[in-house]
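Fold and geometry: a report
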2 protein chains.
Amino acid sequence: MTLYQELATNFERLIQKGSLKVGDKMPSIRTVSKEYGVSINTVIQAYLVLESRSCIVSRPQAGFFVCEKVDLRLPVPQASNPSNNPKEQADDGLIGKVFRNFVNKEITQLSLSVPDESFFPVARLNKCLHKASQTLSSGGTGYDDIQGNFLLRKNVAKWSFTWAGNLGIDDLVSTSGAMHAISLAFMALTKPGDRIAVESPVYFGILQLAKNMGLKVIELPTHPVTGVDPDDVKARIGEIDICLLVSNFNNPLGSCMPEENKKAMVKLLGKHGIPLIENDLYGDVYFGPNRPKPCKAFDEEGMVLWCGSVSKTLAPGYRVGWMAPGKYLKDILKLKLFHSVSGTTLTQEAIGHFLETGRYEKHLAQMRKKLYANSLQFIRAISDYFPQGTKVSRPLGGFVLWVELEKGKDTGKFFDQALSQGISIAPGRMFTLQNQFYHCMRLNYGLPWSDGLDLQLKRLGQMLKQ
Amino acid sequence: MTLYQELATNFERLIQKGSLKVGDKMPSIRTVSKEYGVSINTVIQAYLVLESRSCIVSRPQAGFFVCEKVDLRLPVPQASNPSNNPKEQADDGLIGKVFRNFVNKEITQLSLSVPDESFFPVARLNKCLHKASQTLSSGGTGYDDIQGNFLLRKNVAKWSFTWAGNLGIDDLVSTSGAMHAISLAFMALTKPGDRIAVESPVYFGILQLAKNMGLKVIELPTHPVTGVDPDDVKARIGEIDICLLVSNFNNPLGSCMPEENKKAMVKLLGKHGIPLIENDLYGDVYFGPNRPKPCKAFDEEGMVLWCGSVSKTLAPGYRVGWMAPGKYLKDILKLKLFHSVSGTTLTQEAIGHFLETGRYEKHLAQMRKKLYANSLQFIRAISDYFPQGTKVSRPLGGFVLWVELEKGKDTGKFFDQALSQGISIAPGRMFTLQNQFYHCMRLNYGLPWSDGLDLQLKRLGQMLKQ
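Residues numbered from 1 in each chain as written. Chains lettered and ligands numbered in written order. Predicted model: local features only at pLDDT ≥ 70, side-chain atom pairs only at ≥ 80, totals over all residues. Heavy atoms only, no water.

This part covers the interface of chain A and chain B. Of the residues lining the interface, 47 residues belong to chain A; the matching set on chain B comes to 47 residues. Roughly 3700 Å² of surface becomes buried between chain A and chain B when both sides are summed, with 62% attributable to carbon and sulfur atoms. The interface formed by chain A and chain B includes zero salt bridges. At the junction of chain A with chain B, the criterion picks out 14 residue pairs in polar contact (both at pLDDT 80 or more). Secondary structure elements with two or more residues in the side of chain A that touches chain B: α5 (122–135), α7 (178–189), α8 (204–212), α11 (329–340) and α12 (345–356) of chain A. At six residues, α5 of chain A tops the list of elements feeding residues into the side of chain A that touches chain B. A per-class count over the side of chain A that touches chain B returns 20 nonpolar, 23 polar and four charged. (Contact = heavy atoms within 4.5 Å. Buried area = accessible area lost by both parts, 1.4 Å probe. Salt bridge = Lys/Arg side-chain N within 4 Å of Asp/Glu carboxyl O. Polar contact = N/O pair within 3.5 Å; in protein donor to acceptor, adjacent residues only side chain to side chain. Helix = DSSP H or I, 4+ residues; strand = E, 2+ residues; numbered from the N terminus. Nonpolar A, V, L, I, M, F, W, Y, C, P; charged D, E, K, R; others polar.)

So this is what it looks like as structure tokens:
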């Protein structure tokens, strides 16, 4: 057990024994840090674990409190335990079925992994776009720098201070979104037959790309709160050529690796010469007090290829992403040039302007508040309406929930039933190559909360109970 | 000899024998067509060949005339004859050297293959961009259709009437420029070790991408006027897995395949099940009476992947391109999704608006006029200033010239000398994997003509004479 897990378990016992009663305020983080002689960060991680176990709840500007209805609340799913049978594969038919309804506006889109467009600062972005067309020579019609727009890279580099990063402008390459960054990383670092380790469940786009490029996928056990455990990777280290992790608010689980695990992971992989592609596209959408650091923050040897984008926070349609590829920079630049010459000048400059004004922090603060409130509403609704035995993740960032039903349920079939009622869900089997997660689904809570949405969740619950 | 070549040779003899004297008006195309019982198109091709041989010259709205100074004008280079030694390779150092100075505004950039930004309709494009931000739901922040923006595809499909094409909206996939289209085609249709046939010389980006993806490159003999001969392909057909051609105003030669050769090429490749990637990004920049048809116009079996973009005519920085991949559509769509999700919504919609208004035709008409005049000025200056023995292409479209010096000259070394005088040229060795074209160079005439530019060409000539 790590230090923060020990601390959490200790507090859980205090609550079970009644030393801390429902409604009691938890001791302040500073106090615990002092009393136990541990870092502030360790206490925060411990409290987050307690929160994920429904033992305590945080109230803005008031602190943490012992929960009122510990026993009634839904448990968090167990860590996954994928079988990694090489014969199993993606259910492309299922993915195609869900994709077909992605653009239908009549449907309540709980299956997407992007916030509703009402979350984006459209008017302000339009102004930045206009400004970009004025500040760029020849209105942005010219080819951009191959490494990427200067203003964008400057501001992404500056913004890295939020996770104690110290990126320079020349450490960054712009890309057409984070998937483009991952595609470049795969092209630079892998050959067919190479074995790539990923979380399980994992975003299906990663699986599709990996399979398409002839890679062998190793799915790692993943915990809904703490993500992949470095010890699990260590046990299979000889089988791994490259690793891809979404260390902060992984999609679909919502897990966030504790800082010490990230540190250990970077050290372990570095020791064995295994590059780590880190897709940190949800890191800015945190609900806790601070932005969680990415693994990149602990990367001393340039082995971590840190990827990000504004697709989940500002404008997916702008196709603006980036990567800090560490010591692989030259190879990545070459591939970017060969395959697509350069990126869209205008949208990169527009995002550069948006970041430059400092609006990003204000926008994120609002977005986080709304999303966190939504996540609580969704969990409450699931607790109220879904059948007994349901488990649900407690993400502390991002905008998706992972719901586990009782074994035997088939969310692939349930998809059709829900769709006939105008609701689209993402069945669990989409997020793995293995025969697992049939009784799971991903729900997007990045939709404007309303009584109508509550009613839709109620309908889902009723259908599941039938 | 093909019909049009026969016809051209016949007329050349008439001129040599004095039956047609310098200054005489050539018989009208209609008359020749009637008298010889051949198609209008065959006569046009014959006259273009005569023009390229400096036998005749066209005067707008007056017809073709026998030239005044036949003997004084520079000859066109011979067809290339690449050796295809598998051990030879790209001169990456040379390419890197030329690339490093691409963005330096102090230098006369004769090395680029993109028209100067003053050729682009920047103000009008800005208006279209603004309109796009208004017409798109949520200001273009949302993901676009995976196949590509509807308005863009609708108008590219409509525009295909200019080459007698009949593309439908659903035949087209949008891409981030033409190189992205080629990258997708390579990924869909090739595996490492496959043999790809291309023109020689050919744009170095194609060679870099092909080598990077493990393909074996077969360079085909290419004529500066008529491009690749189907008979040369036929002779090597068993060695070819896939073919890539820039059939209209190929970069760097400026060649344009005669229609009957295109037809024969499509038939030949189709018969042997060899897909043809056709990069038609210069086709709209023609100086003759009509837009030359692409090979795609003769593609009955869906074996031609027709690629295009607005990077050479409107806005390279918008990264808007497309392809009509024929029967490979599904594979291309899948790869586009896996590697980059979708394209930039806003710039695609803006180009859609631009095409929709009909401004494109007006803009192209102006651009062609300027570029054609420029090409004549450049050829005149080269004729006046460059050393004896110089040969130069006579492109009837596009914006680059291919200059061949006397054997023994090294344009790779000459690059440094020219650069020290503030002039950047593209050495011929960049455009091949073989040890050839050392005495050749590509010059971009897509720059605003001025006395200063004339002076720079004079300086180039003086340096070459030393």
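This part is about the nonpolar core. The biggest cluster of nonpolar side chains holds 55 residues, and the ones touching the most others in it are L110, F386, M441, L443 and L460 of chain A. Contributing elements (two or more residues each) for this core: α3 (40–52), α4 (92–100), α13 (359–385), β14 (400–404), α14 (411–420), β17 (440–444) and α15 (451–465) of chain A. Those residues within four positions of L110 of chain A in sequence are excluded, and the remaining contacts are F378, I423, S424, I425, R442, L443, N444, L447, L453, L457 and L460 of chain A. C128 and W306 of chain A together with L129 and A315 of chain B belong to the second largest nonpolar core, which has 54 residues in total. (Core = buried A, V, L, I, M, F, W, Y, C linked by side-chain atoms within 4.5 Å. Buried < 20%, exposed > 50% of the residue type's maximum accessible area, 1.4 Å probe, protein only.)

On to the packing of α13 of chain A against α15 of chain A. Residues and elements named next belong to chain A. With their axes 9 Å apart at the nearest point, α13 and α15 run at an angle of 35° to one another. Considering only the axes of α13 and α15, their crossing is right-handed. Contact with α13, carried on its side by F378, R380, A381, D384 and Y385, involves L453, D454, L457, K458, G461, Q462 and K465 of α15 and no other residues of that element. Residues belonging to the contact of α13 with α15 are distributed by class as follows: five nonpolar, two polar and five charged. (Axes fitted to C-alpha atoms, helices over the stretch in contact; angles between N-to-C directions. Left-handed = near helix turned anticlockwise from the far one by under 90°.)

The relation between the two chain copies is a rotation about an axis coupled with a shift along that axis. Of the transformation superimposing chain A on chain B, the axial component is 0.1 Å and the angular component is 180°, with the fit at an RMSD of 0.2 Å. Put plainly, the chains are arranged around a two-fold axis. A high fraction, 100%, of the interface residues of chain A reappear at the interface in chain B, so the copies pair face to face through one surface. (Least-squares fit on C-alpha atoms with pLDDT ≥ 70 in both.)

A separate point is unusual backbone geometry. Residue and element names in this part refer to chain A. The omega angle of the peptide bond from S200 to P201 is 0°, so this bond is cis rather than trans. Mapping P201 onto the fold places it in the loop between β5 (195–199) and α8. At the junction of N251 and P252, the peptide bond is cis and its omega measures out at 15° in the coordinates. When you line up the elements, P252 lands in the loop between β9 (242–245) and α10 (259–271). Phi at N84 takes a positive value of approximately 55°, unusual for a residue other than glycine. In this model, A164 sits at a positive phi of 60°, which is unusual for a non-glycine residue. One can find A164 in the loop between α6 (150–159) and β4 (173–175).

This brings us to the domain arrangement of chain A. Accessible area lost upon the coming together of the parts is a frequently used measure of interface size. All names here are of chain A. Looking at chain A, the domain boundaries give domain 1 (1–72) and domain 2 (122–359). Relative placement of domain 1 and domain 2: their C-alpha centres are 32 Å apart. Between domain 1 and domain 2, the contact holds eight residues from the first and seven residues from the second. When domain 1 packs against domain 2, close to 630 Å² is buried across both sides, 57% of that on carbon and sulfur atoms. When the buried surface of domain 1 facing domain 2 is broken down by residue, Y4, N41 and Q45 rank first, second and third, together holding 49% of it. Taken together, domain 1 and domain 2 are joined by zero salt bridges. The tally of links between domain 1 and domain 2 comes to one residue pair in polar contact (both at pLDDT 80 or more). By residue class, the composition of the side of domain 1 that touches domain 2 is four nonpolar, four polar and no charged. (Domains from an automatic or database assignment.)

All names here are of chain B. Its 14 residues give helix α1 (residues 3–16) an end-to-end C-alpha distance of 20 Å, which sits within 8% of 20 Å, the value for a rise of 1.5 Å per residue. Taken residue by residue, α1 has Y4, L7, A8, T9, F11, E12 and I15 as its buried positions. Taken together, the buried residues of α1 touch α2 (29–36), α3 (40–52), β1 (56–59), β2 (63–66) and α10 (259–271). In the segment just after α1, G18 is the residue with positive phi, at about 85°. (Expected span 1.5 Å × (residues − 1).)

On to the sheet that holds strand β12 (residues 321–324) of chain A. Residues and elements named next belong to chain A. Pairing within the open sheet is mixed, and its seven strands lie in the order β4-β12-β11-β10-β9-β5-β6. Bordering the open sheet on either side are β4 and β6 (216–220), each of which pairs with just one other strand. For this sheet, the mean angle separating the axes of adjacent strands, direction not counted, is 20°. Pairing of β4 with β12, which is carried by three bridges, proceeds in the antiparallel orientation. Within β12, the position partnered with V173 by the bridge is M323. In the packing of α7 onto the sheet, the strands contacted are β4, β5, β9, β10 (276–279), β11 (304–309) and β12, and the crossing angle to β11 comes to about 155°. (Pairing = 2+ DSSP bridges.)

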